[in-house]
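Structural characterization, general
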Amino acid sequence: MNTVVARDECFPPIARPDAEALILGSLPGRRSLQMHQYYAHPQNAFWKLIACIFDKGSSLPYLQRVEVLTANRIALWDVLAAAERPGSLDSSIVHASARANDFAIFFRTHPQVSCVYFNGRKAEELYRRFVLPGLSAEFAAIRYVSMPSTSPAHAGMPFAKKLERWKKIKERIP
């Protein structure tokens, strides 16, 4: 019996041309794909963290949440353009099927991006494996910062501690 594994595809980046920072996830999970929204799983802490950091209500509609990011010159995207993944866990991504987004084009069209924040270790691992080796020296000044995953699968760190770490995005500090 052959099992067909769905090939998940990411969304376009959310970014204004004057973005200064980029938050990267790995690949949207099932709920996000169904709802066509970044971090749509109700147990994912991403939007709750953003609301706390920028003093906004956590119950804002999705488009207003996105506006909070873009108004603060923060872009949002995923490392992978597509990959096979049974389920939603990052650990289930089939590396042989992974195709990275084109970051050279992104960074050229968003030249003020000076810092990339990884939403979790998997996003960082995928970026370092599939993207960084192919980036030219023109992007060498970009700083990279590991952030704790906002995923419900990363429940070992309390919300308050995640918030303390994620506040770095407001000041663009490593």
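Relevant structure appears above.
Residues numbered from 1 in each chain as written. Predicted model: local features only at pLDDT ≥ 70, side-chain atom pairs only at ≥ 80, totals over all residues. Heavy atoms only, no water.

This part is about the environment of alanine 19. Take alanine 19: it is sitting in the loop between strand E1 (7-9) and strand E2 (21-25). Measuring from C-alpha to C-alpha, the distance between alanine 19 and arginine 73 comes to 4.2 Å, with 54 residues separating the pair along the chain. (Helix = DSSP H or I, 4+ residues; strand = E, 2+ residues; numbered from the N terminus.)

Below, the discussion takes up helix H3 (residues 62-71). Within an α-helix, residues lying three or four positions from one another point in the same direction, as the helix has 3.6 residues per turn. Within H3 the residues assigned to the buried category are Tyr62, Val66, Val68, Leu69 and Thr70. Turning to H3, the residues buried within the fold contact helix H2 (46-53) and strand E3 (74-78). Once H3 ends, the next one or two residues include arginine 73, with phi positive near 60 degrees. (Buried < 20%, exposed > 50% of the residue type's maximum accessible area, 1.4 Å probe, protein only. Contact = heavy atoms within 4.5 Å.)

Turning our attention to the nonpolar core. If you look at the biggest cluster of nonpolar residues, it comprises 52 residues, and the most contacted ones within it are Leu22, Trp47, Phe107 and Ile169. Top element by residues in this core is H2. It accounts for 5 residues. (Core = buried A, V, L, I, M, F, W, Y, C linked by side-chain atoms within 4.5 Å.)

Counted by the stated rule, this structure contains 15 aromatic pairs. Seen from their ring centres, tryptophan 77 and phenylalanine 103 are 4.9 Å apart, and the 50 degrees between their planes marks the pair as tilted. Of this pair, tryptophan 77 sits in strand E3 while phenylalanine 103 sits in helix H4 (residues 103-109), placing them 26 residues apart in sequence. Each member of the pair tryptophan 77 and phenylalanine 103 is classed as buried. Here the aromatic rings of phenylalanine 107 and phenylalanine 139 are separated by 5.5 Å at their centres, their planes lie at 50 degrees, and the arrangement is tilted. Pair noted here: phenylalanine 107 is in helix H4 and phenylalanine 139 is in the loop between helix H5 (121-130) and strand E7 (143-147), with a separation of 32 residues, a long-range link. Each member of the pair, phenylalanine 107 as well as phenylalanine 139, is classed as buried. One aromatic cluster in this structure is built from Trp77, Phe103, Phe106, Phe107, Phe118, Tyr127, Phe139 and Tyr144. The ring of phenylalanine 159 carries lysine 48 above its face, with NZ or CZ at 4.5 Å from the centroid. (Phe/Tyr/Trp six-rings, centres within 6.5 Å; stacked < 30°, edge-to-face > 60°. Lys NZ or Arg CZ within 6 Å of the ring centre and 35° of its normal.)

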